[in-house]
Amino acid sequence: MTHKSDSNPEILRFGWCALAVIVFGLVIAIRIRLLGIPLERDEGEYAYAGQLMLQGFPPYKLAYNMKFPGSYAAYALIMSIFGQTTLGIHLGLLLVNAATSALIFFLGRRLMNSTTGIVAAMAYAILSVSPSVLGLTAHATHFVVLPVLGGTLLLLNEPGRQQSGRLFASGLLFGLSVLMKQPAVFFILFAVIYLVFKEVQRGFGLKSTLLRTLFFSTGVILPFGIASFFLWRAGVFDKFWFWTIDYARQYATLIPLSQAPQIFLRSIEEVIGAGWALWMLPGMGVVVMGLLDKRMRACAIFLLAFLLFSALAICPGFYFRYHYFILVLPAVSLLVGATISKLSDLLAGHMVAVRFVPLLLLCAVLSLPILSERKLLFALSPVEACRTMYPESAFPESVRIAEYVREHTSADDTIAVLGSEPQIYFYSHRHSGTGYIYTYGLMEPQAYARHMQEEMIREIERAAPKYLISVVMRDSWLQRPGADRLIFDWANQYTAQNYSVAGFVNITTGKTDYFFGDVPRSVESLKDYILIYNRNP
């Protein structure tokens, strides 16, 4: 790795510091202003599962999903400190994002110099707050990159300083990242390859290399082993294995490889958007570092490998959802930092005015995505921002529905949502009558779909929830052609026999009408709506 000292004059150093203060202050101000954005469904899942953990219920007992339990534990920790509220969750995200930016700074400084670190941290702060990657919501990908960067930083030590404890701690952090989200396993593969390569390069023998790799691997395996043990002791290991391994394998094979390029190109176009200049700088940096400067070739290779494995982490299943791209932002940001730093080095012998060019260039490329999204970031209310980012979802409506349900139930009552809106359980502080907090799996062409529908029906009939919320929205089901309609036929019959309509939420373009108690027989326009049923005495 290249480890240069900074030789900027005082005025230029002041310019970099001033820009950093402005960028970080602006990003923090944006996040604070929009702390109240209603939870989207992934956040609702993590929040509900974390809420259950705080009540003493293990994951996969009252709520099923294919994700590993790390994000649930992270939410539980955040909510234990800041409270079980939307504000508390997003405040936790703010701190996680700030810690991630700090680690990127240290990583950039370790790879090259302080300029690389501060530029990379600024680039990450801007890229990760962008609505194009849904950066304002606390997705699991935020909780993946934090331990990955910490583990990577521990691996980057001076020759001879890789003590067993540091290797174990690094492995432990990488192991935690996999508990947050399974695709983080690609970062572990990157770390192992790097570790073995450096050991061989330094002339260590086979025995020493295997021993050091064993220390690292032990740290990697330990978090999963501990989590599995506690889930086994809690009696939910079978559910955990089915959802995170068996069903996850089915889910990952639904999209054929032939469709992957089209989905990727459509997603990457939206993700890059107005930030195209920031995404172009890494390519320029690779050319400069790898081809024109032999001394920086090792750094370029490391960053390219990091980028490659980061890109692999977004590929499982070929869904390429926008927030998946948060996993590549650290590598992109570090390449941006390396590019600007190298440009500064090339201009080091010129007059001070010329040496301000990299600073001004960075100002311009950082400004583009912020100016492009200025209405959402600076003008819209949190609810309006949510509707802009998720125009086809009932996330703002979930808050009021949950308030109504909470006011008309006791803490011992259960409710059930026919749809994929787990945030309602979290807001209402009521347990679900079924573990199926998502209904997407029921509609997928996979081997367990019929079994899932039958199990959800049995669980709801056994629980006899006091309120049943039926979400009639495509976004909440994603029903596919040829999907089994058993759950719909059953729901129509079950609600007719056991429930009465107590509420109706009609969602039209730019307007939502709420009817609680006095439900109209007809409405002028009907497309997306939610029915709230109260169980008959």
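The structure under discussion appears in the preceding block.
Residues numbered from 1 in each chain as written. Predicted model: local features only at pLDDT ≥ 70, side-chain atom pairs only at ≥ 80, totals over all residues. Heavy atoms only, no water.

A. Layout of the side chain of Ser 333. Topologically, Ser 333 is positioned in helix α14 (residues 329-346). Within polar-contact distance, the side chain of Ser 333 engages the backbone nitrogen of Tyr 124 at 3.2 Å. For Ser 333, the residues in contact, after removing those within four places along its chain, are Ala 120, Ala 123, Tyr 124 and Leu 127. (Helix = DSSP H or I, 4+ residues; strand = E, 2+ residues; numbered from the N terminus. Polar contact = N/O pair within 3.5 Å; in protein donor to acceptor, adjacent residues only side chain to side chain. Contact = heavy atoms within 4.5 Å.)

B. Quick look at helix α9 (residues 206-233). With 28 residues, α9 extends 39 Å from end C-alpha to end C-alpha; this agrees with the ideal 40 Å at 1.5 Å per step. A maximum bend of about 30° is found in α9 at Leu 222, where proline Pro 223 lies one to four positions downstream. Residues Thr 209, Arg 212, Thr 213, Phe 216, Gly 219, Val 220, Pro 223, Ala 227, Ser 228 and Leu 231 constitute the buried set of α9. (Expected span 1.5 Å × (residues − 1). Bend = angle between axes of the 7 residues up to and from the residue. Buried < 20%, exposed > 50% of the residue type's maximum accessible area, 1.4 Å probe, protein only.)

C. Inspection of the packing of aromatic side chains at higher detail. According to the stated counting rule, one finds 42 aromatic pairs in the structure shown. By way of ring pairs, the aromatic residues Tyr 46, Tyr 60, Phe 68, Tyr 72, Tyr 75, Phe 143, Phe 224, Phe 237, Phe 240 and Trp 241 are connected into one cluster. (Phe/Tyr/Trp six-rings, centres within 6.5 Å; stacked < 30°, edge-to-face > 60°.)

D. Summary view of empty space enclosed by the protein. Enumeration over the complete set of coordinates arrives at 1 cavity of 30 Å³ or more. Approximately 50 Å³ is the volume found for the largest cavity. Together, Arg 31, Leu 34, Leu 35, His 90, Leu 93, Leu 94 and Leu 136 line the largest cavity. A total of 3 residues in the lining of the largest cavity trace back to one element, the largest contributor, which is helix α4 (residues 86-111). (1 Å grid on protein atoms, 1.4 Å probe; cavity = no way out; pocket = protein on both sides within 12 Å on 5 of 7 lines; lining within 4 Å. Points joined across faces, edges and corners; volume = space filled by probe spheres on them.)

E. A look at the layout of surface pockets. Computed from the structure, the second largest pocket encloses a volume of approximately 440 Å³. Around the second largest pocket, the lining comprises 18 residues; the ones closest to its centre are Pro 391, Glu 392, Ile 507, Thr 508 and Asp 528. Among the secondary structure elements, those contributing two or more residues to the lining of the second largest pocket are β4 (499-508) and β5 (511-516). Class assignment for the residues of the lining of the second largest pocket results in 4 nonpolar, 6 polar and 8 charged. (Nonpolar A, V, L, I, M, F, W, Y, C, P; charged D, E, K, R; others polar.)

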